[in-house]
Amino acid sequence: MNIKYKIAVYYTLSAAFLLIAFAGLSYYFSAESRRAEYQDRLEYRARSIGSVIIENDHVQISLLRKLDKTTFQDLYRETILVYNQNYDLLYTNMRDTAVRTPRYLLDYIKEHKSYIKNDENGETAGIYYTEDNVSVLVIVSSFDKYGFQNLQNLRRILLIELLVAVLLLVGVGYFFAKKMVQPIDSLVQQVDSINANNLQDVKVDVHGKDEIAQLGANFNTMLQRLSHSFDLQKSFVSNASHELRTPLAAIISQLQVTLAKDRTGAEYAMVLHSVLEDAQSLSDLSNGLLQLAQSELNRQEFEFTPVRVDELLWETSEQARGKRKPGGKVEIQFLREPELDTYLTANGNETLLKVLFLNLVDNACKFSEDQSAKITIDFNDKYIIVHVKDHGAGIPPEEQNRVFEPFFRGSNGQMARGHGLGLSICKKITELHEGRLSLFSIPGEGSTFTVQLPHV
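Residues numbered from 1 in each chain as written. Predicted model: local features only at pLDDT ≥ 70, side-chain atom pairs only at ≥ 80, totals over all residues. Heavy atoms only, no water.

Going by an unreviewed UniProt entry, the protein chain carries the name histidine kinase and comes from Chitinophaga chungangae. Of the protein chain, the UniProt comment under Subcellular location (unreviewed entry) reads exactly: "Membrane". The Catalytic activity (unreviewed entry) comment attached to the protein chain in UniProt states, word for word, "ATP + protein L-histidine = ADP + protein N-phospho-L-histidine." (UniProt positions renumbered as here; feature names shortened; annotations may be inferred.)

This is the structure:
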């Protein structure tokens, strides 16, 4: 069932339920009011009869007969019974009818002084009236013809009103549901026309400030992110294919040329050395792709434990020095001494943090003329701050915004071996640890990468 039909049905059912409840309560309270009012009237009638027939310590039945013949009886199907305290029938207005009143009823009226009864034949009121040492039992019965007619009319009116109201609710509910769902239908039609080919050029129309407009705005934002992700994916696949194809083609061509004729041992050694370099390049590229894929995972995929960043920097610096030629060095300096160990302890994944700092330190050594890097460690109330500085040519300003893109290599990186994956991996690992990675570079004076990680 469509949403607009559901809205119309739910709206109609809820409104109809409320109307039926109100109509039922109105009818119930009207019926109760009629019953109470008529019973009070019968009780008043019985007391009036008792007060009229007792005079001077005697029961004047003749007066009641005279009143009965004139205007005293004004209730529909009224019956009057008058008994003395010995249960002898003194008066009844029912002629030619045998009167039988159960003795237990007379006992009840005499004991409790009053009696009220309501059934399908009408209402009955009985009292035990005493005046001037004379007591009588008066029972008055009647049928509230006009009251029940009014209730029937009220019930008929309520039923007609409910029927008309339900029909109107169906129409009104469908109209408003259609108007409410119309923006969603428009959004569905626009979304249905979106595919991978026109993702970059499509944008859903957003009007107003309601929840549907917010949904449209969020959808447009999602489209932008998807478009950006698709562009990155295409660029990644293209660059990865190119980076993989180049060393493979070099290996194949070298082996084909070598196998074309017999070579000397020195020539075979030279070819094998060249093939080994290409194979190492492939290995580095494969490791970089695996690290990049790992950095794309969610935070929940990793185990985070307290890690001493300064100790990790000492370890990664030793590994970076081992990869460089003799003469390269890594200098580590504390800008100030921490009062607590927690100022240098981050809650993170040790393996990923090693990859982060090893890439930064190795890049600094690789792009420095003297194969050296300088690391400074600082902290504030929230972050551990690590600066990694090289002594190279620096990065041109127009390239600084792109150095964190996968496979991007700046103009100063063409003379060094690499694939352009290290900084993008570092960026994603930093974001995975809810930190920040920034670059400050002046051409001719080197570059400084700053890592900020929240400490425990």
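A.B. asks: Would you take a moment to explain the overall build of the protein chain for this structure?
C.D. replies: Looking only at helices and strands, one finds nine helices and 14 strands in the protein chain. Of the contacts made within the protein chain by residues no fewer than 6 positions apart, 67% connect residues no fewer than 24 positions apart. Accessible area of the protein chain: about 27,800 Å², with a carbon and sulfur share of 54%. (Helix = DSSP H or I, 4+ residues; strand = E, 2+ residues; numbered from the N terminus. Contact = heavy atoms within 4.5 Å. Areas by Shrake-Rupley, 256 points an atom, 1.4 Å probe, with all protein chains shown as cover.)

A.B. asks: What exactly am I supposed to notice about the sheet that holds strand β7 (residues 134-142) here?
C.D. replies: Within a sheet, each strand pairs with its neighbour through backbone hydrogen bonds, oriented either parallel or antiparallel. Reading across the sheet, the five strands line up as β4-β3-β7-β6-β5 and stay open at both edges, with antiparallel pairing between neighbours. For this open sheet the edge positions go to β4 (89-92) and β5 (114-119), each flanked by a neighbour on one side alone. Strand-to-strand, the axes of this sheet are offset by a mean angle of 15°, without reference to chain direction. In terms of strand pairing, strand β6 (residues 122-131) meets β7 through nine bridges, oriented antiparallel. Looking at the pairing, E123 lines up with S142 of β7. Set on the sheet, helix α3 (residues 103-112) makes contact with β3 (79-84), β5, β6 and β7; between it and β5 the angle comes to about 130°. (Pairing = 2+ DSSP bridges. Axes fitted to C-alpha atoms, helices over the stretch in contact; angles between N-to-C directions.)

A.B. asks: Which parts of the structure should I look at to understand the UniProt feature "transmembrane region" (unreviewed entry) in the protein chain?
C.D. replies: As recorded in UniProt, the feature "transmembrane region" (unreviewed entry) lies at residues 7-29 and 157-177. Taken end to end, residues 7-29 is 100% helix and 0% strand, and its first and last C-alpha atoms sit 33 Å apart. Counting secondary structure, residues 157-177 comes out at 100% helix and 0% strand; the distance between its end C-alpha atoms is 29 Å.

A.B. asks: Could you clarify how one ought to interpret the pairing of β5 in this entry?
C.D. replies: When a strand is regular, its side chains alternate between the sheet's two faces. Here six bridges tie β5 to β6, and the two strands are oriented antiparallel to one another. Residue pairing across strands places S114 opposite I127, the latter belonging to β6. Connecting β5 to the antiparallel partner β6 that follows it, the hairpin turn spans two residues.

A.B. asks: Even after reading the chapter, I still don't get the packing of helix α8 (residues 350-367) against helix α9 (residues 422-432), so can you show me in this structure?
C.D. replies: Relative orientation and spacing of two packed helices are given, respectively, by the angle between their axes and the distance between those axes. For the pair α8 and α9, the least separation of the axes is 9 Å and the interaxial angle reads 140°. Classed by the angle they form, the pair α8 and α9 counts as oblique. Judged by the sense of rotation from one axis to the other, the crossing of α8 with α9 is left-handed. Taken together, the residues of α9 that come into contact with α8 (itself represented by L352, V355, L356, N359, L360 and N363) are G422, L423, I425, C426, I429, T430 and L432. (Parallel < 35°, antiparallel > 145°, perpendicular 65-115°, else oblique. Left-handed = near helix turned anticlockwise from the far one by under 90°.)

A.B. asks: Which parts of the structure should I look at to understand the nonpolar core?
C.D. replies: Nonpolar side chains tend toward joint burial in soluble globular proteins. Core analysis: the biggest nonpolar cluster contains 43 residues, and F357, L360, I375 and V386 have the highest contact counts within it. Counting residues per element, the ones that place at least two in this core are α7 (309-323), β9 (329-334), α8, β11 (372-379), β12 (383-390), α9, β13 (436-442) and β14 (446-454). Counting residues per element, this core draws most heavily on α8, which supplies nine residues. The next biggest cluster of nonpolar side chains, apart from the first, holds 19 residues, and it includes A46, L75, V82 and V134. (Core = buried A, V, L, I, M, F, W, Y, C linked by side-chain atoms within 4.5 Å. Buried < 20%, exposed > 50% of the residue type's maximum accessible area, 1.4 Å probe, protein only.)

A.B. asks: Looking at this model, I keep getting lost on the sheet that holds β12. Mind explaining?
C.D. replies: The strand order β9-β11-β12-β14-β13 describes an open sheet built from five strands, whose pairing is mixed. If you trace the sheet from one side to the other, it starts and ends with β9 and β13, each paired once. When the angles between neighbouring strand axes are averaged without regard to direction, this sheet yields 15°. The sheet contact formed by β9 and β11 spans six bridges and is parallel. Within the sheet, the bridge partner assigned to I332 lies in β11 and is I375. In the packing of α8 onto the sheet, contacts are made with β9, β11, β12, β13 and β14, and the angle to β12 comes to roughly 25°. Lying on the sheet, α9 is in contact with β13 and β14; it crosses β13 at an angle near 140°.

A.B. asks: Help me out: how do you make sense of a nonpolar patch on the surface in this one?
C.D. replies: Taken together, Y11, I160, V164, L168, V172, F175, F176 and M180 make up a surface patch of nonpolar side chains, about 770 Å² in accessible area. The biggest single contributor to the nonpolar patch is helix α4 (residues 145-192), with seven residues. Tracing the chain through its elements places M180 in helix α4. (Patch = residues over 30% accessible without salt bridge, like charges linked within 9 Å, V, L, I, M, F, W, Y side chains within 5 Å. Salt bridge = Lys/Arg side-chain N within 4 Å of Asp/Glu carboxyl O.)

A.B. asks: Would you explain the pattern of salt bridges in this entry?
C.D. replies: A side chain of one charge can pair with a side chain of the opposite charge when the charged atoms of the two come close. Throughout the structure, instances matching the rule amount to 12 salt bridges. One salt bridge in this structure joins R308 and D310, with 2.7 Å as the shortest N-O distance. The closest approach of N and O atoms between R308 and D341, which form a salt bridge, is 3.7 Å. Note that R308 is positioned in strand β8 (residues 305-308) and D341 in the loop between β9 and β10 (345-348), a separation of 33 residues in sequence. The network of salt bridges with common partners includes R34, E123 and D144.

A.B. asks: Just checking my understanding: could you explain the side chain of T124 for this structure?
C.D. replies: Looking at where T124 falls in the secondary structure, it is placed in strand β6. Judged by its relative accessible area of 15%, T124 is buried. Looking at T124, its side chain comes within polar contact range of the side chain of S141, at 3.0 Å. Every residue in contact with T124, bar those within four places of it in the chain, is listed here: L42, Y115, I116, K117, I139, V140 and S141. (Polar contact = N/O pair within 3.5 Å; in protein donor to acceptor, adjacent residues only side chain to side chain.)

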